[in-house]
Structures are given as structure tokens and as C-alpha cells.
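Coordinate inspection notes
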Amino acid sequence: MPVFSIVVPYFRSRSTVAYALESAQRASQGLDVEILLVDDGSTPPAEQDLKGLRHAPHRIIQQENRGLLFARLRGLQEAKGDFILFLDADDLIGSQKLRGALDAFADPEVVTVYTDTAKVRLEGEYKNLRFSPDPPTPSTEDMAEFFITIQPAPHSPIFRASF
């Protein structure tokens, strides 16, 4: 049973998803993580389009084209981890994000953990990417404030699956 499930919706985004998958695998080192790629009706299908990709997902889930929300929901339905991270095909996660979340989730009252964000141009080798931090994300323990006021990017929060 994986500790984390990383759900990556996919629709004809080979050029950016390679970076997303590499970041997920780098952050997964030494942890029990499943990386699910939900192909939302791509032509050619992701399984064919991503052949030979150096950092492949653990599973590719195929569905008819229904849009980003339904791809995320399908990934959530298929996820087996205790904690869920939604990562878009053009998003990256920091190498320590999952470990930091695991520390925070040691408190059983914690249902979501989120981090600051940064911008990066997805060009060239992953090791040469340069990140520009965004302003710090406000902190809160109030879920209404979290969802209504702060509204972090979809790739920022990690949720306890039971939430």
C-alpha cells in the first residue's frame, strides 16, 4: 500500500509531463509512492506517446476525454495511497515536499498540507532548471479560509485520502 499517490492528468502534453514525472520521481526517493497518469482521451494514447520516456508513471489509466476535473476524479478513485497530490502535467514538485508532508501528517488532525510555489521555464535538462520563488503562501488551519481565500494552486496541497 503506497503512502502517497500522485495523480497526473494528461492530455497530449508529452513535452511538459516528462518534467512533471521526473520531479515526482525525485521527490519519491526512499518513499512508497505511486504515480498515476490519467490519460484524458489523448490521440495517440499516452501509453503509446510516452514510450521510451525516462521517468514513466507507475500506472497509466485511460479514459475518454472528459476534461481535467474528471481526470483528477478518476485518479482519486484509482489512488491507493494514504495521501493524495494532484500534479498537472506542467507542474513540478520540490524534492523535499513529500518528506515534509509526511512529517506534518504525523499529527492525525492534519488533513491537508500545502507549500509555497515557484515558477520555472520548462526547457533543457531538468538539472539545469532555475526556479523563481513566488511570494509566500499564507498559512491557515481554517479549511474555509484555505479553500475560499488562499486557494492554493492545485499542485500545492497534499490531502489525507480519508479527507
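The structure this text deals with has already been given above.
Source: prediction; values computed, not measured.

**Some words on helix α5 (residues 143-150)**
Near the N-terminus of α5, the side chain that reaches the backbone nitrogen of A144, with its oxygen 2.8 Å away, is that of D142. At the exit of α5 stands Q151, carrying a positive phi of roughly 40°.

**A short note on the nonpolar core**
Membership of the largest hydrophobic core comes to 26 residues, with the highest contact counts inside it found for F4, I6, V8, V17, L37, L98 and I158. Considering every element that reaches this core, the biggest residue donor is helix α1 (residues 14-27), with 5 residues. Judged by nonpolar contacts, the second largest core, of 12 residues, contains A71, I84, F146 and F159.

**Comments concerning the pairing of strand β1 (residues 4-10)**
Among the 7 residues of β1, 7 are classified as buried, and the element is accordingly described as predominantly covered. The alternating pattern of β1 places F4, I6, V8 and Y10 and S5, V7 and P9 on opposite faces, both of which are buried. Running through α1, the crossover from β1 to the neighbouring parallel element strand β2 (residues 33-40) is right-handed. Judged from the 4 bridges that link them, β1 and strand β4 (residues 83-86) form a sheet pairing that is parallel. Bridging across to β4, S5 finds its partner in I84.

Rules behind the numbers
- Residues numbered from 1 in each chain as written.
- Predicted model: local features only at pLDDT ≥ 70, side-chain atom pairs only at ≥ 80, totals over all residues.
- Heavy atoms only, no water.
- Polar contact = N/O pair within 3.5 Å; in protein donor to acceptor, adjacent residues only side chain to side chain.
- Helix = DSSP H or I, 4+ residues; strand = E, 2+ residues; numbered from the N terminus.
- Core = buried A, V, L, I, M, F, W, Y, C linked by side-chain atoms within 4.5 Å.
- Buried < 20%, exposed > 50% of the residue type's maximum accessible area, 1.4 Å probe, protein only.
- Right-handed = clockwise from strand over helix to strand, strands pointing away.
- Pairing = 2+ DSSP bridges.

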